Amino acid sequence: MGDLGGSTVGLNEESTAATGIWALFTNLALMSAFLGFAIAQAIKFFTVWYKENRWDPKQLIGSGGMPSSHSATVTALAVGVGLQEGFGGPHFATALVLASVVMYDATGVRLHAGRQAEVLNQILCELPAEHPLAESIPLRELLGHTPTQVAAGAVLGSITAMLISLI
């Protein structure tokens with residue numbers, strides 16, 4: 001009888017684990033966030049290909065550019081949480097505050113850090129060859145987003161979550 005009880009417990013653990021893993025794929029908010037990110041990055045990837053006639057794999061994971069994948073991700077998450085759990089609860093409030101902080105940061109600190117990197121890179125280019133910093137590796141300039149890029153990401157994320165909820 002003890003063996004039967006042990007088997008049942010093991011079976012329940014396995015089915016719970018399978019349900020837990022499957023739950024990730026049926027979580028509207030999570031799938032919306034992942035898909036919002038993937039679509040935004042794909043748009044950047046194909047935009048570079050279309051405009052510059054070259055494939056740039058860095059666009060699939062890099063930050064900056066149109067639309068903001070950070071904004072698409074957090075907005076899809078917030079809208080997905082709202083659609084799944086309701087817009088009046090603490091989960092949506094938490095997701096909305098997170099989205100607001102991320103989007104504010106993208107247009108604030110990160111955008112200005114990128115602009116400072118542009119200036120510093122220009123200064124490095126103008127240094128004489130014998131200067132110790134003349135051979136420095138340039139700083140990444142595309143860090144943040146313009147308000148338009150953030151808004152486009154937010155619209156993309158919202159639409160993504162709404163479409164996922166219909167599936």
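Residues numbered from 1 in each chain as written. Predicted model: local features only at pLDDT ≥ 70, side-chain atom pairs only at ≥ 80, totals over all residues. Heavy atoms only, no water.

Under an unreviewed UniProt entry, the name given to the protein is Acid phosphatase/vanadium-dependent haloperoxidase-related protein, and the organism recorded is Salvia divinorum.

A. A look at the UniProt feature "transmembrane region" (unreviewed entry) in the protein. With numbering aligned to this structure, UniProt lists the feature "transmembrane region" (unreviewed entry) at residues 20-43. Note that residues 20-43 is 92% helix and 0% strand, and that its end C-alpha atoms are spaced 32 Å apart. (UniProt positions renumbered as here; feature names shortened; annotations may be inferred. Helix = DSSP H or I, 4+ residues; strand = E, 2+ residues; numbered from the N terminus.)

B. Spatial organisation of helix α4 (residues 90-107). End to end, α4 covers 26 Å across 18 residues, agreeing with the expected 26 Å (1.5 Å per residue, within 8%). Turning to α4, its buried residues number three or more, namely Phe-92, Ala-95, Ala-99, Met-103 and Ala-106. When α4 is viewed along its axis, its buried side chains cluster within an angular range of 65° and face the same direction. Counted as exposed and oriented over 90 degrees from the buried face of α4: Pro-90, Thr-94, Val-97, Val-101 and Tyr-104. (Expected span 1.5 Å × (residues − 1). Buried < 20%, exposed > 50% of the residue type's maximum accessible area, 1.4 Å probe, protein only. Arc of directions from axis to C-beta.)

C. Spatial organisation of a nonpolar patch on the surface. Together, Leu-83, Phe-87, Val-155, Ile-159, Met-162, Leu-163 and Leu-166 make up a nonpolar patch on the protein surface, roughly 690 Å² of accessible area in all. The element contributing the most residues to the nonpolar patch is helix α6 (residues 147-166), with 5 residues. As for its placement among the helices and strands, Met-162 is situated in helix α6. For Met-162, a relative accessible area of 43% translates into the label partly exposed. (Patch = residues over 30% accessible without salt bridge, like charges linked within 9 Å, V, L, I, M, F, W, Y side chains within 5 Å. Areas by Shrake-Rupley, 256 points an atom, 1.4 Å probe, with all protein chains shown as cover. Salt bridge = Lys/Arg side-chain N within 4 Å of Asp/Glu carboxyl O.)

D. Examining the packing of α4 against α6 more closely. For the pair α4 and α6, interaxial distance at closest approach is 9 Å and the crossing angle is 150°. One element, α4, and the other, α6, form an angle in the roughly antiparallel class. Every pair of crossing elements has a handedness; the one defined by α4 and α6 is right-handed. On the side of α4, the interface is formed by Met-103, Ala-106 and Thr-107, while α6 contributes Pro-147, Val-150 and Ala-154. Tallied by class, residues from the contact of α4 with α6 come to 5 nonpolar, 1 polar and no charged. (Axes fitted to C-alpha atoms, helices over the stretch in contact; angles between N-to-C directions. Parallel < 35°, antiparallel > 145°, perpendicular 65-115°, else oblique. Left-handed = near helix turned anticlockwise from the far one by under 90°. Contact = heavy atoms within 4.5 Å. Nonpolar A, V, L, I, M, F, W, Y, C, P; charged D, E, K, R; others polar.)

E. Broad picture of helix α3 (residues 69-85). Relative to the 24 Å expected for 17 residues at 1.5 Å per residue, α3 spans 24 Å between its end C-alpha atoms, a close match to the ideal helical length. Burial in α3 covers these residues: Ser-69, Ser-71, Ala-72, Val-74, Thr-75, Ala-76, Ala-78, Val-79, Gly-80, Val-81 and Gly-82. Buried-residue contacts for α3 involve α2 (28-52), α4 and α6. A distance of 3.5 Å separates the backbone nitrogen of His-70 from a side-chain oxygen at the start of α3, and that oxygen is part of Ser-68. Just beyond α3, the residue with positive phi is Gly-86, at close to 105°. (Polar contact = N/O pair within 3.5 Å; in protein donor to acceptor, adjacent residues only side chain to side chain.)

F. How the structure looks around the side chain of Thr-75. Inspection of the secondary structure puts Thr-75 in helix α3. Classification of Thr-75 by relative accessible area gives buried; the value is 8%. In this view, Thr-75 contacts Ala-99, Met-103, Ala-154, Gly-157 and Ser-158; residues no more than four positions away in its chain are not counted.

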